[in-house]
Amino acid sequence: MAAAELLRVVHADGDLVPDPRRRMPGRGAWVHPDPGCLAKAEKRRAFPRALRVQDALDVAGLRSEIERIAGGVGTGYSRPVEEQRKQVDPS
């Protein structure tokens, strides 16, 4: 999986905040912008471990952002990564 396909997430005041521009300060965690992947990360308690926090984290804002991205409505992601790369003739 290419890094361009992942969504960066940071911890801010007890909430998981999406960081699509990858500019927010602090330790970040990465998740595939898919509701199933988010559910799996929640079940495994991956975010508190990755972000090194002891408290429970609120994922409601992150969940709504991932559902918006997965639905394809105004995502800001124009094309898959494979389409953005130039093709090189191997001969």
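Model, not experiment: these values are computed from the prediction.

## Side note on the environment of Asp34
Tracing the backbone through its elements, the reader meets Asp34 in the loop between β3 (28-31) and α1 (35-43). C-alpha of Asp34 to C-alpha of Ile66: the two residues are 32 residues apart in sequence and 6.1 Å apart in space.

## Quick notes on the confidence of the model for the protein
For the protein, the mean per-residue pLDDT works out to 83, and 80% of the residues sit at or above 70. Residue range residues 73-81 is modelled with pLDDT below 50. Its contacts to residues more than four positions away, or to other chains, number 12 contacts.

## A short note on the pattern of salt bridges
Pairs may arise between side chains of opposite charge once their charged atoms sit close together. Throughout the structure, instances matching the rule amount to 3 salt bridges. Note that Asp19 and Arg8 form a salt bridge whose closest N and O atoms lie 2.6 Å from each other. Pair noted here: Asp19 is in the loop between β2 (15-18) and β3 and Arg8 is in strand β1 (residues 7-12), with a separation of 11 residues, a long-range link. Judged on exposure class, the residue Asp19 and its partner Arg8 are both buried. Across the pair Glu65 and Arg68 runs a salt bridge, and its minimum N-O distance is 2.6 Å. With a gap of 3 residues between them, Glu65 and Arg68 both fall in helix α3 (residues 60-71), about one helical turn apart. Classification of Arg68 by relative accessible area gives partly exposed; the value is 31%.

The rules behind each value
- Residues numbered from 1 in each chain as written.
- Predicted model: local features only at pLDDT ≥ 70, side-chain atom pairs only at ≥ 80, totals over all residues.
- Heavy atoms only, no water.
- Helix = DSSP H or I, 4+ residues; strand = E, 2+ residues; numbered from the N terminus.
- pLDDT = per-residue confidence, 0-100.
- Contact = heavy atoms within 4.5 Å.
- Salt bridge = Lys/Arg side-chain N within 4 Å of Asp/Glu carboxyl O.
- Buried < 20%, exposed > 50% of the residue type's maximum accessible area, 1.4 Å probe, protein only.

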